[in-house]
Structure formats: C-alpha cells, structure tokens
Amino acid sequence: DGKFFLYQDKKGGEDEWRKHHTSSITRDIWRYDVKSRKHTNLTNRPGEDRNPVLSADGKSAYILSEAEGGTINVWSMPLDGNKAGWKQITSFDTHPVRFLSRGGETLCFTWDGEIYTMKEGSDPRKVSIDLTLDEDERYEILNLKSGATSASLSPDGKQIAFTVRGEVYMEREAFERLNEQLILEG
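Attention in this report is confined to the structure presented alongside it. Note that the structure is predicted; figures quoted are calculated from it, not measured. Along each chain, residues carry numbers from 1 onward, in the same order as the chain's sequence is written. The predicted origin of the model limits local features to residues at a pLDDT of at least 70 and limits the giving and counting of side-chain atom pairs to 80 or more, whereas totals for whole chains, interfaces and linings rest on all residues. Excluded from the side-chain calculations are hydrogens and water; all other atoms, namely the structure's heavy atoms, are used.

**Details of the side chain of Ser60**
Using the following cut-off: Numbered from the N terminus, helices here are DSSP runs of H or I no shorter than four residues, and strands are runs of E no shorter than two. In what follows, residue pairs with any heavy atoms lying within 4.5 Å of each other are defined as contacts.
Take Ser60: it is sitting in strand 5 (residues 60-65). Setting aside its immediate chain neighbours within four residues, Ser60 contacts Val53, Leu54, Ser55, Ser76, Met77, Pro78 and Leu79.

Below is the structure:
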C-alpha cells in the first residue's frame with residue numbers, strides 16, 4: 001500500500017558472500033515508515049540479515065539470516081522485529097541460501113547452485129532446468145605454423161592446447177596424426 005518499505009543496510013565494504021560473519025558492519029533489515037519518515041532496525045543483532053521480502057499478506061517478511069548460528073536460511077519475521085515471532089522456514093546446511101524473492105505466495109531462492117521454490121509450510125522443490133543451445137557448432141580453421149609461446153598436453157595424450165599471440169587454441173586431429181606418424185617411424 002506504499003505506507004512503508006523494507007530494506008537492508010550496508011555499513012561497510014565486507015564481502016557479501018562471507019559466511020558466519022559477525023561484526024559491526026553486518027547487514028540488518030530496516031523498515032521505513034513513509035508518513036513519519038522513521039527508520040526502524042528490525043534485526044539489530046551481530047550476524048547477517050538480508051534480502052527482505054514482504055509476505056503475500058503483508059503481515060510479515062521473509063529474510064535470509066544466520067539467526068541460529070548455522071548457515072544462511074530463509075526465515076519469517078514479524079514486521080515489528082519481535083525476535084519471539086521469528087520462524088525458520090528452510091533448514092539447509094553446509095551452503096547458504098541466496099537470492100531470495102517472492103511471486104504471489106511462492107518463494108524462490110538458490111541453494112548449492114540450484115534454484116528452489118516453495119510455499120510456507122511445504123518443502124522446497126528444486127526447479128528442473130534444461131538448457132538447449134540452438135546454435136550450430138562452428139569451428140574456425142586456422143593455419144598457425146609459428147609463434148606458439150606455450151603448450152600443454154591433455155592427460156590422455158590426445159589433445160594439445162597452445163598459446164599463439166595471447167589466444168589459447170586446442171588441437172586434436174593434427175596431434176593424433178603426429179602420434180600415428182611417430183609410432184610408424186618410431
């Protein structure tokens with residue numbers, strides 16, 4: 001309704017991907033009341049709290065937080081910031097949840113390089129994504145006879161990569177022909 005908005009602050013230049021960070025520059029979630037022009041810190045605590053997303057009913061917010069000392073997960077919190085009303089929504093471990101957003105009643109986020117969706121009260125579901133390249137494979141045939149500055153043989157001995165004028169090239173067929181010639185002459 002435009003009466004307030006939620007945001008995260010940025011107090012310093014700390015790496016935003018750092019995990020288990022507690023210091024004076026960790027991010028907090030704030031509420032700005034448009035009418036009173038008042039900023040209210042909703043998550044004033046030592047750890048990271050970020051990416052506020054208003055719930056579909058407008059009565060709470062979803063955030064990314066390490067509130068219980070584990071990895072970053074999705075949490076629900078009341079708009080007054082009352083810690084007693086916080087609820088952990090996801091329970092991932094090892095890797096942090098990132099890039100929280102919402103469409104309708106569905107939350108969307110990433111975890112461990114995968115995209116997930118979920119509705120509160122249900123389990124997260126990994127989104128199945130298939131990528132199809134619609135381009136033809138095109139190879140450029142170059143006649144490079146000199147100027148290589150470095151070369152490296154693949155572990156299976158069937159390919160060679162080399163650098164000419166700052167560009168890296170890979171050759172397979174000519175190297176296989178050279179191997180055959182060496183074996184025949186060897």
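**Here's the deal with the environment of Ile115**
We count it as follows: Three exposure classes are used, based on accessible area relative to the maximum for each residue type with a 1.4 Å probe and protein chains only: buried under 20%, partly exposed in between, and exposed over 50%.
Its place among the elements puts Ile115 in strand 10 (residues 114-118). Relative accessible area serves as the criterion here: at 33%, Ile115 is assigned to the partly exposed category. Residues Ile115 and Ile129, 14 residues apart in the sequence, show an inter-C-alpha distance of 8.8 Å. Among residues more than four places away in sequence, those in contact with Ile115 are Cys108, Phe109, Thr110, Arg125, Lys126, Val127 and Ile129.

**Considerations on the pairing of strand 5**
Rule in force here: Strands were regarded as paired on the criterion that DSSP finds at least two bridges between them.
Among the 6 residues in strand 5, 6 count as buried, and that is most of the element. A two-sided burial pattern is seen for strand 5, the buried positions comprising Ser60, Tyr62 and Leu64 on one face and Ala61, Ile63 and Ser65 on the other. Inspection of the sheet shows strand 4 (residues 49-54) paired to strand 5 by 4 bridges, in the antiparallel sense. Residue Arg50 lies in a different strand from strand 5, and its bridge partner there is Leu64. Hairpin connection of strand 4 to strand 5: 5 residues between the antiparallel strands, including Gly58 at a positive phi of 75°. By the bridge criterion, 6 bridges tie strand 5 to strand 6 (residues 73-78) in an arrangement that is antiparallel. Pairing of Ala61 across the sheet is with Met77, part of strand 6.

**Quick word on the sheet that holds strand 10**
One open sheet accounts for 4 strands, arranged 8-9-10-11; its pairing is antiparallel. The sheet is open, and its two edges are formed by strand 8 (97-103) and strand 11 (125-126), each paired on a single side.

**Quick word on the environment of Asp93**
To be explicit about the condition: In protein, a polar contact requires one atom able to donate a hydrogen and another able to accept it; more generally it is a pair of N or O atoms within 3.5 Å, and residues adjacent in sequence count only if both atoms are side-chain atoms.
Along the chain, Asp93 falls in the loop between strand 7 (87-88) and strand 8. Between the C-alpha atoms of Asp93 and Gly70, which are 23 residues apart in sequence, the distance is 7.2 Å. Not counting chain neighbours up to four residues away, the residues in contact with Asp93 comprise Thr71 and Trp111. One polar contact links Asp93 to Thr94, side chain to side chain, over a distance of 3.4 Å.

**A word on the nonpolar core**
Quick reminder of the rule: Here, nonpolar core means buried Ala, Val, Leu, Ile, Met, Phe, Trp, Tyr and Cys residues that are tied together by side-chain atoms lying within 4.5 Å of each other.
Counting 14 residues, the largest nonpolar core has Tyr62, Val74, Val97, Leu100 and Phe109 as the members making the most contacts within it. Looking at this core, the elements that each hand over two or more residues are strand 5, strand 8, strand 9 (106-111) and strand 10. Of all the elements, strand 9 adds the most residues to this core, at 3 residues. By size, the runner-up hydrophobic cluster in this structure holds 10 residues, among which are Phe4, Leu6, Ala61 and Leu79.

**Description of the sheet that holds strand 1 (residues 4-8)**
The strands making up a sheet are joined through hydrogen bonds of the backbone, oriented either antiparallel or parallel. As a reminder, the rule being used: Simply put, an axis is a line fit to the C-alpha atoms, just over the touching stretch for a helix, and the angle between two N-to-C directions goes from 0 to 180 degrees.
Across the sheet, 3 strands lie side by side as 1-2-3; this open sheet has antiparallel pairing. The outermost strands of the open sheet, each flanked by one partner alone, are strand 1 and strand 3 (38-41). Along the sheet, successive strands turn relative to each other by an average axial angle of 25°, direction set aside. Here 5 bridges tie strand 1 to strand 2 (residues 29-33), and the two strands are oriented antiparallel to one another. Counted as the bridge partner of Leu6 is Arg31 from strand 2.

**Structural notes on unusual backbone geometry**
Even without being a glycine, Arg37 presents a positive backbone phi close to 60°. Following the sequence through the fold, Arg37 ends up in the loop between strand 2 and strand 3. Of note in the backbone geometry, Thr94 takes a positive phi value of approximately 70° without being a glycine. Examined against the element boundaries, Thr94 turns out to sit in the loop between strand 7 and strand 8.

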